[in-house]
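Chains, contacts and geometry: an overview
For reference, the chains in residue letters:
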Amino acid sequence: MTGTETMTERPQVIRHARGKRPEFYETPGLDHVMSMIMVLANEVSVLRDRMDSAERVAKASGIDLAAGIETLELDQAALEEREERRQDFLRRLFYLQLKDADEAAQAQTAEGFNATIAEIALQD
């Protein structure tokens with residue numbers, strides 16, 4: 001880690017597990033939805049723990065945290081940091097959909113495209 005990096009930065013590397021994912025539900029897409037729900041549940045749990053910690057620290061220091069949060073005005077750097085965090089969260093939330101789209105894009109070839117166009121043209 002260099003002096004300019006922070007602990008929250010993550011490399012922008014697309015990594016996927018190899019092989020087919022196990023499927024637990026017969027309904028198409030339900031495994032993806034369950035994965036998304038689990039990501040959301042994890043995020044909610046972490047947020048609740050962090051808020052609890054912040055409230056306890058503030059209370060021990062005699063700080064009215066709720067009033068401070070209501071009057072907080074964020075600068076551009078803070079807004080950009082929040083947006084980066086939000087985008088990272090969305091990448092994790094939609095991981096399976098992005099993986100499927102990436103695999104589908106890699107499977108496409110010029111020959112397959114031309115074959116599809118020819119097939120459509122013959123359907124007149």
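Everything below is about the structure shown above.
A quick note: this is a predicted structure, and the numbers were derived from the prediction, not measured. (Residues numbered from 1 in each chain as written. Predicted model: local features only at pLDDT ≥ 70, side-chain atom pairs only at ≥ 80, totals over all residues. Heavy atoms only, no water.)

Quick notes on the overall build of the chain
Quick note on the threshold: Numbering of helices and strands runs from the N terminus; a helix is a DSSP stretch of H or I covering at least four residues, while a strand is a stretch of E covering at least two. Under the scheme applied here, a residue whose accessible area is under 20% of the maximum for its type counts as buried, over 50% as exposed, and between as partly exposed, the area being computed with a 1.4 Å probe on protein chains only. Residues count as neighbours in contact if any of their non-hydrogen atoms are within 4.5 Å of one another.
If you tally the helices and strands in the chain, you get five helices and zero strands. Listed N to C, the secondary structure of the chain is α-α-α-α-α in terms of helices and strands. The buried share among the 124 residues of the chain stands at 8%. Here the analysis covers contacts within the chain between residues at least 6 apart in sequence; of these, 68% occur between residues at least 24 apart.

Quick look at the pattern of salt bridges
The following threshold applies: Just to be clear on terms, a salt bridge is a Lys or Arg side-chain nitrogen sitting within 4 Å of an Asp or Glu carboxyl oxygen.
The full count for this structure, using the stated rule, is seven salt bridges. Between arginine 85 and glutamate 81 there is a salt bridge; the shortest N-O distance is 3.7 Å. Taken together, the positions of arginine 85 and glutamate 81, both in helix H3 (residues 76-93) and four residues apart, correspond to about one turn of that helix. Through salt bridges that share partners, Glu43, Asp88 and Arg92 make up one connected network.

As for helix H1 (residues 30-60)
The criterion, for reference: What a helix should span is 1.5 Å times the count of its residues minus one.
With 31 residues, H1 should cover 45 Å at 1.5 Å per step; its first-to-last C-alpha distance of 45 Å lies within 8% of that length. Considered for burial, the residues of H1 that qualify are Asp31, Met36, Val39, Glu43 and Ala58. On its buried face, H1 sits against helix H2 (65-71), H3 and helix H4 (95-107). Glycine 62 sits one or two positions beyond H1 and adopts a positive phi of about 75 degrees.

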